[in-house]
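Examination of the molecular architecture
The residues making up each chain are set out below.
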Amino acid sequence: MIKKNDILDITIDSLGSEGEGIGRIEGYALFVKDALIGDKVRVKIMKMKKSYGFARLMEVLEPSPYRVEPVCPVARQCGGCQLQHLDYEKQVEYKQDKVKNCLERIGKFNIVMEESKANDENTIFMEPAIGMESSFYYRNKAQFPMGLDKDGNVVTGFYAARSHSIIPTTNCYIQAEVNKELLTIVKDFLQEFGISTYDEENHKGLVRHILTRVGYTTKEIMVCLIINGAKLPHAEELVERLTKIEGMTSICLNVNKEKTNVILGNQVIPLWGQDYITDYIGDIKFQISPLSFYQVNPVQTKELYSQALEYADLTGNEIVWDMYCGIGTISLFLAKKAKKVYGVEIVSQAIEDAKKNAQINEITNAEFFVGAAEEVVPEKYKKDHIKADVVVVDPPRKGCAESLLETIVAMEPKRVVYVSCDPATLARDLRYLADHGFNVVKARAVDMFPNSAHVESVALLERK
Ligand code: SAH
């Protein structure tokens with residue numbers, strides 16, 4: 001019998017939902033962070049549950065053929081990238097498998113990889129995953145915590161996995177390259193003027209985080225300092241230094257005086273320029289403020305939305321409902337090809353943004369409602385018998401509430417396009433819809449977050 005603190009050698013045969021390696025001994029599964037499929041590893045058992053346990057990677061005895069040297073020197077300590085040490089093609093394969101497994105295991109569907117083989121109602125044709133050409137420098141938004149190192153120097157970087165200790169780095173390989181310069185400027189400024197950084201333990205100190213956004217198409221840059229106070233001393237000096245960077249468009253402060261893990265507060269104080277940047281997805285223009293939710297991978301967002309648009313198969317006559325619409329990104333992307341689009345979103349600020357974005361794009365056939373989709377949509381159905389030709393949903397990880405799915409079924413759309421950031425809840429919800437009059441026709445994984453274990457996917461359902 002194996003027990004806690006045992007050291008043993010195992011072969012990793014699969015990857016778990018967070019990218020951790022899984023190996024087996026005597027039929028018992030061990031989760032090993034930083035170990036990869038195909039690795040032969042020496043591990044120490046740290047924690048044991050009834051049917052599985054957790055072990056620490058001590059040594060890679062024989063590396064997996066898919067193991068690559070991470071580009072980033074802090075890849076292993078940092079909580080951001082779980083898969084940088086896996087060959088990118090394999091990362092995409094892993095993500096596709098993750099979606100496939102969930103659809104099979106949780107959704108009880110058959111999955112085929114060739115369309116000609118999808119010839120019964122319970123079979124889904126899985127199209128090849130959409131990966132990126134390069135898996136680095138793809139993010140348009142970064143939030144770096146600020147703190148002090150043990151010698152009292154200002155540092156910035158990322159939190160280590162499951163902790164709040166800062167791994168110092170100004171050079172994050174999945175962020176826009178210009179961040180390195182921006183971070184160095186802010187860090188030097190704080191150090192030179194003796195401006196304090198925030199200390200979570202005693203809720204003291206001023207500068208908590210730096211938020212940066214970079215417009216992928218426009219190259220416009222935003223720098224926002226999140227502060228535990230109302231004013232930044234010597235702000236004019238920081239502005240002078242930052243405005244030397246080409247593309248600088250917005251410099252602002254965000255006030256967050258709460259003792260909380262939530263990064264942003266509600267109040268934005270502009271220091272210089274506009275309080276937003278502009279960017280495009282396809283030919284739709286978006287104004288993005290520090291508080292706006294906006295997809296972080298512009299290249300793959302375009303791929304994802306194009307896939308959703310293809311699945312929606314619009315001719316110009318359709319009524320479309322876009323549930324969980326955020327700032328209206330999918331809604332506006334579809335509006336040009338539909339008769340009318342309705343968006344529903346729980347965050348009222350996002351709906352304000354959606355309305356403004358419709359306006360600046362001169363889109364007049366989109367209407368937006370604030371509220372929980374599972375409340376607003378059933379209510380409107382009861383009152384006004386709303387109908388839809390196409391329904392799009394893009395819920396958070398927990399998926400759709402059953403009351404919403406029930407109403408979608410009642411609305412009798414021809415097609416449902418399901419965009420998902422969690423394949424487990426996707427599979428659960430697709431099963432519900434498949435049992436209530438829909439065929440799940442196609443599904444596809446899209447890699448929105450290279451080097452992380454997250455996977456986005458999109459599925460097409462047609463009413464029987
Ligand atoms: N479709 C958008 C946003 C998707 S993220 C885009 O592609 O940019 C999911 C969105 O669902 C978030 O904006 C979140 O605020 C919203 N949301 C979360 N719970 C909700 C609920 N119960 N009803 C409606 N919207 C919700």
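Note that the structure is predicted; figures quoted are calculated from it, not measured. (Residues numbered from 1 in each chain as written. Predicted model: local features only at pLDDT ≥ 70, side-chain atom pairs only at ≥ 80, totals over all residues. Heavy atoms only, no water.)

Another aspect to go through is the site of the ligand. Residues in close proximity to the ligand total 17 residues, the closest being Gln-295, Tyr-305, Thr-329, Glu-345 and Ala-373. A distance of 2.6 Å separates an oxygen atom of the ligand from a polar side-chain atom of Glu-345. Within the backbone of Ala-373, an N or O atom sits 2.8 Å from a nitrogen atom of the ligand. Computed on the free molecule, the ligand has an accessible area of 570 Å², of which 87% lies beneath the protein chains in the complex. Breaking the shell around the ligand down by element, the ones donating at least two residues are α5 (329–335) and α7 (373–384). Per-class residue counts for the shell around the ligand are ten nonpolar, four polar and three charged. (Near = heavy atom within 4 Å. Polar contact = N/O pair within 3.5 Å; in protein donor to acceptor, adjacent residues only side chain to side chain. Areas by Shrake-Rupley, 256 points an atom, 1.4 Å probe, with all protein chains shown as cover. Helix = DSSP H or I, 4+ residues; strand = E, 2+ residues; numbered from the N terminus. Nonpolar A, V, L, I, M, F, W, Y, C, P; charged D, E, K, R; others polar.)

Now for helix α8 (residues 402–411). Buried within α8 we find Leu-404, Leu-405, Thr-407, Ile-408 and Met-411. An end-on view of α8 places all buried positions within 160° of arc, on one side of the element. Contact partners of the buried residues in α8: β17 (319–323), α7, β20 (390–393), β21 (415–420) and α9 (423–434). Positive backbone phi, approximately 50°, marks Glu-412, located one or two places after α8. (Buried < 20%, exposed > 50% of the residue type's maximum accessible area, 1.4 Å probe, protein only. Arc of directions from axis to C-beta. Contact = heavy atoms within 4.5 Å.)

Right, let's talk about the packing of aromatic side chains for a bit. Taken as a whole and judged by the stated rule, the model has eleven aromatic pairs. Taking the centre distance of 5.9 Å and the plane angle of 85° together, the rings of Tyr-52 and Phe-54 count as edge-to-face. Judged by relative accessible area, Tyr-52 falls into the partly exposed class, the value being 31%. Relative accessible area serves as the criterion here: at 34%, Phe-54 is assigned to the partly exposed category. Aromatic side chains Trp-321 and Phe-369 sit 5.8 Å apart centroid to centroid with 15° between the ring planes, which places their arrangement in the stacked category. One end of the pair, Trp-321, is in strand β17; the other, Phe-369, is in strand β19 (residues 366–370), and 48 residues separate them in sequence. Considered together, Trp-321 and Phe-369 belong to a single accessibility category, that of buried residues. An aromatic cluster of three or more residues is present, and its members are Phe-31, Tyr-52 and Phe-54. The positively charged end of Lys-380 is found above the aromatic ring belonging to Phe-369, 4.2 Å away from the centroid. If you follow Arg-431 out to its NZ or CZ, it ends over the ring of Phe-109, 4.4 Å from the centre. (Phe/Tyr/Trp six-rings, centres within 6.5 Å; stacked < 30°, edge-to-face > 60°. Lys NZ or Arg CZ within 6 Å of the ring centre and 35° of its normal.)

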